[in-house]
Structures are given as C-alpha cells and as structure tokens.
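# Descriptive structure summary
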Amino acid sequence: MASLVGCELRDGIAIVTIDAPPVNALGQGVRAELLARVREIDGNPDIRAAVLCCAGRTFVAGADINELGKPPLSPVLPEVLDAIEGARIPWVAAVHGTALGGGLELALACTARIADGKAKFGLPEVTLGMIPGAGGTVRLPRLIPMCDAVDMVTGGKPVTASTALAIGLVDRLSETDLLSAAISYAELAGQPKPASLLDRPCRDAAEMDWQGKAKAIQAKARGAEAPMEALDALKDSAQLPAREALKQERQRFLRLAASDQAAALRYAFFSERNAGRSLTSIDSAPADLQRIGVVGGGTMGAGIATALLLSGSEVRLLERDTSAAETARARVDDMLGASVARGAISREDADQAIDRFTASPDETALASCGLVIEAVFEDMDVKRDVFSRLDAIMPAEAVLATNTSYLDVNRLAETTVDPARVLGLHFFAPAHLMKLLEIVRGRDTGRRALSTGAALAKRLKKTAVVSGVCHGFIGNRIMAAYRRDCEFMLLEGASPAQIDAAMRNFGFAMGIFEVQDMSGLDIAWAQRKNTESTRDPSEPYCRIADKLCEIGRLGRKTKRGWYDYSDGGQKIDPQVIRVIEEERTKAGVTAHSFSDEQIMKRILGVMQREGQALLSEGVAESASDIDVVMLTGYGFPRHRGGPMYLFGQQIECAFL
Ligand code: NAI
C-alpha cells in the first residue's frame, strides 16, 4: 500500500508530506504514519528541522468524515500533536489550500507556520455540533488575540491568509515557492527551538467581554449548543494551566461528539452531500452555460442574473420594455454593489460582472444562449406565452427552464415542440445568496435538460434537490400545508405572536407569520384565488389571511400585515385579533390554550405527513432530500436535523 506520509531528507531538513487524496483528511492511517515519522525523525541526530506539507490541492482539510461520530481510533490526534510539539527539533507547517479543524490544530502544534497567499484557516467544528478536540481552544488563543480566537472557534468561519498574517496565526506568507520558503524558515526557526505555545498565557484574555460575547452568541445560536460550549472552552483556556485546559477541552469534545445535536448536524452534512445524487448518473452533456438568458428582471430574475454573473457567465435579460429593462439592470447593479459592500467580491469583480450583462426587450438577443431561465409573473397564461415564444426563437439544443413557485411545469412544457428540453429551476430569494435549488423534473424532461440543471447548480455552488411536479414542489408544498395548519390553530385559540414565538424557541429565525409579513401576503392570496375554482368545498378553509389582504394588510410593505409595523417596530395589532375572533365565531370553534410544545408538535406533524405524501407520490427522491430543502430553503434549525430526521428518530417534538 502506498505510504500516506512520505519523508525526504534535504541537507538535514526533513520534508514530511501527507499524501491522502482528496483532502488529506486526518484518518487513522495518516495519524499512525505521521506519528511514526515524527518519532523516526526525532531519533535521527542528523536532522535539524522538519517541514510539514501536503500533496495535492490542499493542506489537511479536517478530520476523516467516515470517523465522525464513532469511537476514537488510536493514535488519537492529541497524541500526534504532543509528539510534534514536544519534538527535539522545530517543525514548520507549510500551508496551501485550507487548514481546517484538525488540520489547523496540526499546524498550531508546529513551531511556525508559513502559508500560500490563497490559503484559508478555520475551526468549523461548531457547524457539526462540536468544539475542536485537539488543542484548538488552547493553542489558538495563545498564538492570536483571544477576541479573534473567540470569533474563529465560536463562529466556525475560516479566515484568509492575509487575516491570518495580521492576527499572528501565520508567521509569513509566501507568494512564490511555498516549500522553499518553509525550508529556509525551518533553518532559522530552530536555533534554539522556541518555547511551546503551551508555556505562554492566552493573549489579551483580560480584554475579553465574556458576558457580552455570550449574549451575542446565544442570540445567534438559536438553541444550538456548540457555540456556547466553544466559548466556555476558551474561557477555561484563559483561566486554567494550558495542559489542564487541554484535558478539559478533550472531555468537552468527546461529550459533544456524542450529543443529539452533533448527530443531527452530521446527518444534515451527509444529507447535503447526498442531495441530488440521481443527477450524477445522467450521461448526457449539459448545454453550454457560458451565455445564459433570463426572462423577467423582477426580484427573482435580477437575483438569478446576479448569481449567474457571479459564476462568470454572460447574461442576456429580456424584459417587457426598455424602461423595465433599465429597472432590471439597476436591480442587478444594486445587488452586485451590495456584494461589494459586504466584502463578498471586489469592485473589479462587480465591474467585470456588469460588463457581461445586457437587458433589453429584444427577444432575438436570447437566441445564442445555451439555457434560458424564465422568471416572469406567476401566471400560467403569461408563462405559457413566454414558453411558446422561446420555443420559436431558441435553437433545438437550448434548454428552457421556469422558476415558477407553484405552477405545473408539464403545462408549460406542452407549449413547446420538444418538451424534453423543459425543466423547472426553482431558486430561492435572494437567488444569488440562497444555497438551495429545486430542480423540477417534468413528465417529459429529458436527460440533457437535467444534466444542464445539475451543471448549473455546480457552477453556482448551490445544493440541488430533485423534485417531481406537484403544486409547490417539495418546499412550498410543505410550507403551504403547515401555514394552513397554523391558521387553523389561530381559529382554535393560538395567536400569531404565540405561534411565531414557539417556532423561534424551536430554532427558526422567524415564525411563519413574520415570514409572511416579510415576503408579502399578496402572493399566496393570488395563488389561493387562482385555485379557488378547483378547491374541494368539503375541505376546511380558513379565511383569516384573505380577510387581512382584503383590508389592505399585505405585510411589511404596507406597514401592516399579521403585525403592525407603523412605528418601525413589530407590534401585535388588535385589528388582527378582532378578525381572528370574528372568523372563529363564524366557524363555531371554541378557543383553547396552546403550549409551545403543542404548537410545534402540530407543525412538525404536518411537515412529516406532507413529507411522507411527497415520498409516496414519488415527488421527492428521499426523506433526506426533504430535510435538505427545509434546512437550506426554509430556515428549519439545522441542529434539529430536519422534520423527516426527527420523524425517523421518533422525536415528535424536540421540546420533549
Ligand atoms: P416580480 O413581479 O418581481 O417580477 C416579474 C418580472 O417579470 C417583472 O419585472 C415583469 O416586468 C417581468 N415580465 C412579466 N411578463 C414578462 C414578459 N412577458 N416578458 C418579459 N418580462 C416579463 O416577480 P418575482 O417575485 O421576481 O417572481 C418571478 C417568478 O419567480 C414567479 O414565477 C414567482 O412565483 C417565482 N418565485 C418567486 C420567489 C420570490 O420570493 N419572489 C421565490 C421563488 C420563485
């Protein structure tokens, strides 16, 4: 078997290379070989220093995911790191790509760190419900200021090489030959070998506002335990002798790794990796995605165009007239500007992106696009007209997609000569930021159209889930069902504020009524009016939302919806309570009180029933796909795993 950790001697310097594709994860084999190399090298008096680097595209990108959640295998990482830190000679880590989790802890155990200018460093354990388990909370704050360590460990977000240099996480950046730079540095580093990080106190710990930070973390975590545990571990690190803090950290890590939240977060991680798996086996070349057309430049069209531009494509947007085209261009410009302001892209990137963009009412401009995505009004007649016109002007090999939220993709495809080239690409608002893409497979959708959807998702770095055709596909169908049930709960005695609070306490960022106020009540109202003629009269129907729309309460945009926003805040409105009471009296329902737990039990029950219907109808390909949709598109708290996960675990309501 090929060696996972190689060693080469150059003039008294050992160059140790981890070569475990694809990401040099620290699996048991790597740990064992690395430990053996450290011991061999330490026993060789001719060696003055060692450089630790990685083959392939990255430094160690973390633990081996196949070992996650299982009992630790020997040698454990702390043992390997102790050996490196306690070695006779200095070790210099040469980092390219990403040093994440155990990878960064490995670099921290070395005497010094040199990095490529594009390298990234992070401790993302909290995103998997854990904290670092091999010295991350002990060595990091002894190397960089405590406030930076707190941000890195409790937030889980990686930092760039330049930030790493600025805060002292790396000693030097190398823009040219990383290995040579590391070798020269190793020559200097060890004369004499500097003291271990463990012999230093934490940096600037006295300046930390622990209480303020704890408050901020708790508010953001919405019930996820790991970020607060990470903060507590760092506090221990500041107060305890380093070696004692290491022991405490390891215990905390092992306890959290075995927790329900970590299990749910691991499930979410693997579910996301497996999402859209059926798309990978399609053996058909996708359409060319260099130039993509978008029809309609409203909220969604402009967002989709922005996402496409950011991925490097040229975008041609079609609007109804010149003035609408100009408005669409301004929207795209604003979204790119906001991305610059957020620091997500540079001004040059934004300028180059807008140079690849044109908007006009001239439909012939679309004819050279490989893919066209329609995002016009949610109206079957308007969309059918757009599809038949596109069919006439687009060459036979071009793929046609709709971003419809609810409408029947098969009825749109019917308007084309070759319905195999039609599919749904359901983006979420804001389309350039939200990670989810529902790829809707119509009755006749062909392999080329599907492989184009898959290639687009990859290009846009989105998580794709395949859905069959039904009213609202996977996500909107589940949301419509539980929203309806929440309205029935209003009739039965709960208030909008109480339902929203129960959802927030469960971990949602917002409750269902707050969400409706934010996105506007009119879209769903129009939808209900559209389907009124086909509604089963024997099905119970709650009229509260219709009543609010009829009196002009359309949400935040009219300053009144389920709540009153007229003075800038969010207030319970007596008018809404009156409407609810009137409808309750008409329906002849006697009000009773609800606990948070009863509310969440009802909501989860509806989500789970609808999810099972989606599976039995063959709309969703797997229960985990449904969870991915709810986690990435609808704010379901990730540390709960998802409604189908809770169902599988026989956890009806996680308040229990
Ligand atoms: P919008 O009303 O903001 O924008 C629609 C745009 O289409 C307008 O700018 C209009 O001028 C243009 N348009 C209408 N007919 C046209 C035609 N024949 N040719 C060219 N342009 C035309 O609507 P929004 O919110 O962007 O929604 C668009 C589609 O995306 C709808 O199908 C909607 O259901 C769907 N969607 C909306 C989401 C949202 O959060 N707003 C989320 C996901 C999907």
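The shown structure was predicted, so the numbers you read here are calculated from the model rather than taken from an experiment.

## Brief notes about the pairing of strand β6 (residues 112-116)
- With four of five residues buried, β6 is to be regarded as a mostly interior element.
- Pairing between strand β4 (residues 91-95) and β6: four bridges, direction parallel. Paired with V95 across the strands is A115, a residue of β6.
- Sheet topology note: the β6/strand β9 (residues 172-174) ladder contains three bridges and is parallel. Bridge pairing in β9 places A115 opposite L173.

## Thoughts on the sheet that holds strand β13 (residues 371-374)
- Read across the sheet, eight strands follow the order β12-β11-β10-β13-β14-β15-β16-β17 without closing on themselves; strand pairing throughout is mixed. Single-partner strands in this sheet number two, and they are β12 (357-360) and β17 (463-467). Here the strands of the sheet are splayed against their neighbours by 25° on average, with no regard to which way each runs.
- Note that strand β16 (residues 436-440) and β17 share five bridges and pair parallel. Bridge pairing in β17 places L437 opposite A464.

## Some remarks on the domain arrangement of the protein
- What the domain assignment lists for the protein is domain 1 (5-258), domain 2 (289-467) and domain 3 (475-648).
- Here domain 1 and domain 2 have C-alpha centroids that lie 43 Å from each other.

## Some words on the pattern of salt bridges
- Enumeration over the complete set of coordinates arrives at 38 salt bridges.
- A salt bridge links K247 to E244; the shortest N-O distance between them is 4.0 Å. Within this pair, K247 and its partner E244 are both found in helix α10 (residues 242-257), separated by three residues, close to a single helical turn.
- Residue class for K247 comes out exposed when judged on its relative accessible area of 54%.
- Note that R602 is salt-bridged to D485, the shortest N-O span being 2.9 Å. Here R602 is found in helix α24 (residues 596-616), whereas its partner D485 is found in helix α18 (residues 475-492), with 117 residues between them in sequence.
- The structure contains a network of salt bridges with shared partners spanning E229, D236, R252 and R255.

## Structural notes on the nonpolar core
- Formed by 74 residues in total, the largest nonpolar core has its most connected members in L34, F59, W91, L106, F121 and L169.
- The element best represented in this core is helix α9 (residues 226-239), accounting for six residues.
- Among residues more than four places away in sequence, those in contact with L106 are I18, L26, L34, L52, F59, V60, L81 and I84.
- Of all hydrophobic cores here, the second largest spans 59 residues; its members include C470, C549, V576 and A620.

## Quick word on the UniProt feature "domain: 3-hydroxyacyl-CoA dehydrogenase NAD binding" (unreviewed entry) in the protein
- Listed under "domain: 3-hydroxyacyl-CoA dehydrogenase NAD binding" (unreviewed entry) in the UniProt record, and renumbered for this structure, are residues 292-467.
- The span residues 292-467 is 41% helix and 20% strand, and its two end C-alpha atoms sit 23 Å from each other.

## Some thoughts on helix α12 (residues 299-310)
- An ideal rise of 1.5 Å per residue puts 16 Å on 12 residues; α12 measures up with 17 Å between its terminal C-alpha atoms.
- Of all 12 residues that make up α12, 10 are buried, and the element is covered over most of its length.
- After α12 finishes, the residue G312 shows a positive phi value of roughly 100°.

## Quick word on the site of the ligand
- Surveying the vicinity of the ligand reveals 22 residues, the closest of which are M300, E319, E378, K383 and S405.
- K383 has a polar side-chain atom sitting 2.6 Å from an oxygen atom of the ligand.
- Between the ligand and the protein, one listed contact pairs an oxygen atom with a side-chain N or O atom of S405 at 2.6 Å.
- When the free accessible area of the ligand is taken as 830 Å², the share hidden by the protein chains comes to 80%.
- Mapped by element, the contributors of at least two residues to the shell around the ligand are α12 and α15 (380-393).
- Here the residues of the shell around the ligand sort into 10 nonpolar, eight polar and four charged.

## With respect to helix α1 (residues 28-42)
- Here α1 spans 21 Å end to end across 15 residues, near enough to the 21 Å set by a 1.5 Å rise per residue.
- Along α1, the positions that sit buried rather than exposed are V30, R31, L34, L35, V38 and I41. The arc that holds the buried residues of α1, viewed along the axis, is 135°, so those residues lie on one side.
- Of the surrounding elements, those touching the buried residues of α1 are β1 (5-10), β2 (13-18), β3 (49-54), α2 (77-85), β4 and α3 (102-109).

Procedures and definitions
Residues numbered from 1 in each chain as written. Predicted model: local features only at pLDDT ≥ 70, side-chain atom pairs only at ≥ 80, totals over all residues. Heavy atoms only, no water. Buried < 20%, exposed > 50% of the residue type's maximum accessible area, 1.4 Å probe, protein only. Helix = DSSP H or I, 4+ residues; strand = E, 2+ residues; numbered from the N terminus. Pairing = 2+ DSSP bridges. Axes fitted to C-alpha atoms, helices over the stretch in contact; angles between N-to-C directions. Domains from an automatic or database assignment. Salt bridge = Lys/Arg side-chain N within 4 Å of Asp/Glu carboxyl O. Core = buried A, V, L, I, M, F, W, Y, C linked by side-chain atoms within 4.5 Å. Contact = heavy atoms within 4.5 Å. UniProt positions renumbered as here; feature names shortened; annotations may be inferred. Expected span 1.5 Å × (residues − 1). Near = heavy atom within 4 Å. Polar contact = N/O pair within 3.5 Å; in protein donor to acceptor, adjacent residues only side chain to side chain. Areas by Shrake-Rupley, 256 points an atom, 1.4 Å probe, with all protein chains shown as cover. Nonpolar A, V, L, I, M, F, W, Y, C, P; charged D, E, K, R; others polar. Arc of directions from axis to C-beta.

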